Amino acid sequence: MSFKIPKEITPQQVAELLKNGETPTLLDVREPAEWVEGHVNGAKHIPLGQLLMRIDELDPNGETIVMCLSGGRSGLACELLSEKGYNVVNMMGGLSAWTDNFLVRG
């Protein structure tokens with residue numbers, strides 16, 4: 001399955017942005033049970049199945065980094081959002097490749 005994703009970023013690059021004090025817009029499209037197990041501090045949570053219903057919660061003008069567990073669902077989310085004119089970046093490898101300490105639970 002191939003997605004038409006305009007841009008990609010690694011989990012390490014996202015962690016570096018956070019370490020440098022930047023506040024990128026982060027969107028987590030995993031299911032609620034996955035979110036509770038751990039997510040990146042400051043990320044917005046909209047499960048993939050609710051994305052188009054809640055699209056107005058996202059800024060169409062700013063860049064949004066989209067993440068899931070492995071990069072598949074976020075790739076699909078990027079494709080959906082890109083078709084609607086949103087500026088999106090897929091976090092390749094997803095949170096299963098996340099090695100930094102910006103994860104929070106709850």
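These figures come from a predicted structure and were not determined experimentally.

### Section: the UniProt feature "domain: Rhodanese" (unreviewed entry) in the chain
Annotation from UniProt places "domain: Rhodanese" (unreviewed entry) at residues 20-100. The span residues 20-100 shows a helical share of 22% and a strand share of 22%, and its end C-alpha atoms are spaced 13 Å apart.

### A few points about the pattern of salt bridges
Within the structure shown, the criterion is met by six salt bridges. Ionic pairing is found between E34 and R73, a salt bridge with its closest N-O pair at 2.8 Å. On the criterion of sequence distance, the pair formed by E34 in helix α2 (residues 32-37) and R73 in helix α3 (residues 72-83) is long-range, its members being 39 residues apart. Taking the relative accessible area as the measure of exposure, R73 reaches 25% and is therefore partly exposed. Residue E57 pairs with K44 through a salt bridge whose shortest N-O separation is 3.1 Å. Here E57 is found in the loop between β4 (44-45) and β5 (63-67), whereas its partner K44 is found in strand β4, with 13 residues between them in sequence. Judged by relative accessible area, E57 falls into the partly exposed class, the value being 36%. On the basis of relative accessibility, which here comes to 31%, the residue K44 falls in the partly exposed class. Each of K44, R54 and E57 takes part in one network of salt bridges that share partners.

### Focus: the environment of V40
Mapped onto the secondary structure, V40 falls in strand β3 (residues 39-40). Expressed as a C-alpha distance, the spacing of V40 and A97, which sit 57 residues apart in the sequence, is 12 Å. Filtering out sequence-adjacent residues up to four positions away, V40 remains in contact with L18, L26, M67, L95, W98, F102 and L103.

### A look at the pairing of strand β2 (residues 25-28)
As paired strands, β2 and β5 are joined by four bridges and run parallel to one another. From the neighbouring strand, L26 faces β5, where its bridge partner is I65.

### Points about the side chain of D28
Within the secondary structure layout, D28 lies in strand β2. Ignoring any residue separated from it by four or fewer positions in sequence, one finds D28 in contact with W35, H39, K44, H45, I46, P47, M67 and L95.

### Comments concerning α3
Taking 1.5 Å of rise per residue, the 12 residues of α3 would be expected to cover 16 Å, and the 17 Å separating its terminal C-alpha atoms lies within 8% of that figure. Taken as a whole, α3 has its buried residues at S74, G75, A77, C78, E79 and L81. Elements in contact with the buried residues of α3: β2, β5 and β6 (87-91). Trailing α3 by a residue or two, G85 shows a phi angle of about 90 degrees, which is positive.

How each quantity is defined
Residues numbered from 1 in each chain as written. Predicted model: local features only at pLDDT ≥ 70, side-chain atom pairs only at ≥ 80, totals over all residues. Heavy atoms only, no water. UniProt positions renumbered as here; feature names shortened; annotations may be inferred. Helix = DSSP H or I, 4+ residues; strand = E, 2+ residues; numbered from the N terminus. Salt bridge = Lys/Arg side-chain N within 4 Å of Asp/Glu carboxyl O. Buried < 20%, exposed > 50% of the residue type's maximum accessible area, 1.4 Å probe, protein only. Contact = heavy atoms within 4.5 Å. Pairing = 2+ DSSP bridges. Expected span 1.5 Å × (residues − 1).

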